[in-house]
Amino acid sequence: QAPLVESGGGLVEAGGSLRLSCAPSGRASYTMGWFRQAPGKERELIAVISWIGGSTFYADSVKGRFTISRDNIKNTVYLQMNSLQPDDTAVYYCAVRPSSVVSTQISDYTWGQGTPVTVSS
């Protein structure tokens, strides 16, 4: 399977926005997600999207601020991050689950290499 490649991370001031991209998103029937891992903390599932984009899941910590979406024609999944806060500082990982069944279990996913996001106060 082709590797996942994340992009779009960087340094942003608190209150700012970033959009992460992940390509390839794999087969259209796969479930895609975004995770993050902050220094000294466990990896956290923050958003998941089903293969048709009709079903999404968000962690409480990002609900209302982050939006996951996918473009199956461009074979890309996105994470729009708004109102970023210093607590959002982490390495963000794109992840794929080779199933159309949505899962919130981290162990059900394979991750990319990650892209760092730093939010300054």
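Higher on the page you've got the structure.
Residues numbered from 1 in each chain as written. Predicted model: local features only at pLDDT ≥ 70, side-chain atom pairs only at ≥ 80, totals over all residues. Heavy atoms only, no water.

1. A word on the sheet that holds strand β1 (residues 5–7)
Pairing is antiparallel in the open sheet, where four strands are placed in the order β1-β3-β8-β7. Single-partner strands in this sheet number two, and they are β1 and β7 (66–71). Taken over all neighbouring pairs, the strand axes of this sheet differ in orientation by 15° on average, direction set aside. In the sheet, β7 pairs with strand β8 (residues 76–81) via six bridges, with the strands oriented antiparallel. Bridge pairing links Phe 66 to Met 81 in β8. (Pairing = 2+ DSSP bridges. Helix = DSSP H or I, 4+ residues; strand = E, 2+ residues; numbered from the N terminus. Axes fitted to C-alpha atoms, helices over the stretch in contact; angles between N-to-C directions.)

2. Observations concerning the packing of aromatic side chains
Enumeration over the complete set of coordinates arrives at two aromatic pairs. Summarising the aromatic geometry, the rings of Phe 35 and Tyr 109 are spaced 5.4 Å apart at their centres and angled 70° between planes, so their arrangement reads as edge-to-face. With Phe 35 in strand β4 (residues 31–37) and Tyr 109 in the loop between β9 (90–97) and β10 (110–111), the pair connects residues that are 74 residues apart, well separated along the chain. We classify Phe 35 as buried; its relative accessible area is 0%. Residue class for Tyr 109 comes out buried when judged on its relative accessible area of 5%. By way of ring pairs, the aromatic residues Phe 35, Tyr 109 and Trp 111 are connected into one cluster. The ring of Tyr 93 is capped by Arg 43, whose NZ or CZ atom sits 3.8 Å from the centre of that ring. (Phe/Tyr/Trp six-rings, centres within 6.5 Å; stacked < 30°, edge-to-face > 60°. Buried < 20%, exposed > 50% of the residue type's maximum accessible area, 1.4 Å probe, protein only. Lys NZ or Arg CZ within 6 Å of the ring centre and 35° of its normal.)

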